[in-house]
Amino acid sequence: AIAKNISAVSDRLGVMLPNRMNKEEQAEYAKLEGLSGKAFDTEYITFIVRSHRRDLHDFRVEAATAADPGLATEAVQTAYVVRESLSAAIKLAKANGITLPPRPPRPPRPGTTASAH
């Protein structure tokens, strides 16, 4: 349902959504093709966590800065789904002894400046 809603908003705004993998996703796909078992699980879950962290940040920024109310609403709703998925992926990693990369530092919130305190 979320993808359909984002698609409707993007159509209304005249924005084309990607319909194929980007270079990073293609490289990850190729890497995963050569793995199996625990190595596959570790690489896949690590990629998902990194990707979801980045996506969550992007959706939160869009929710806070979108001029279009429909886009802001969809960004908030999608951020919630991504956060839930990220939480599940982290729990899965912990349950399977997969060490995840550290969480990147939080960038400043939109409209604020980083302070040197």
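An account of the accompanying structure is given in this report. Note that the structure is a prediction, hence the values are computed from the model and not measured.

Rules of the game
- Residues numbered from 1 in each chain as written.
- Predicted model: local features only at pLDDT ≥ 70, side-chain atom pairs only at ≥ 80, totals over all residues.
- Heavy atoms only, no water.
- Helix = DSSP H or I, 4+ residues; strand = E, 2+ residues; numbered from the N terminus.
- Buried < 20%, exposed > 50% of the residue type's maximum accessible area, 1.4 Å probe, protein only.
- Contact = heavy atoms within 4.5 Å.
- Areas by Shrake-Rupley, 256 points an atom, 1.4 Å probe, with all protein chains shown as cover.
- Axes fitted to C-alpha atoms, helices over the stretch in contact; angles between N-to-C directions.
- Parallel < 35°, antiparallel > 145°, perpendicular 65-115°, else oblique.
- Left-handed = near helix turned anticlockwise from the far one by under 90°.
- Nonpolar A, V, L, I, M, F, W, Y, C, P; charged D, E, K, R; others polar.

1. Topic: the overall build of the chain
Now for step 1: When helices and strands are tallied, the chain shows four helices and zero strands.
Now for step 2: Along the chain direction, N to C, the helices and strands of the chain fall in the order α-α-α-α.
Now for step 3: Within the span of the chain, comprising 117 residues, buried residues form 23% of the whole.
Now for step 4: Sequence-distant contacts, at least 24 apart, represent 64% of the contacts inside the chain between residues at least 6 apart.
Now for step 5: Of the roughly 8600 Å² that the chain leaves accessible, carbon and sulfur atoms contribute 58%.

2. Looking at the packing of helix α2 (residues 23-33) against helix α3 (residues 37-65)
Now for step 1: Between α2 and α3, whose axes approach to 10 Å, the crossing angle comes to 165 degrees. Of the possible angle classes, the one that applies to α2 and α3 is roughly antiparallel. Regarding α2 and α3, the two cross each other, and that crossing is left-handed. Packed against α2, whose contacting residues are Glu24, Glu25, Glu28, Lys31 and Leu32, the element α3 presents Phe40, Glu43, Tyr44, Phe47, Arg50 and Arg54 at the interface.
Now for step 2: In terms of residue class, the contact of α2 with α3 is made up of four nonpolar, no polar and seven charged.

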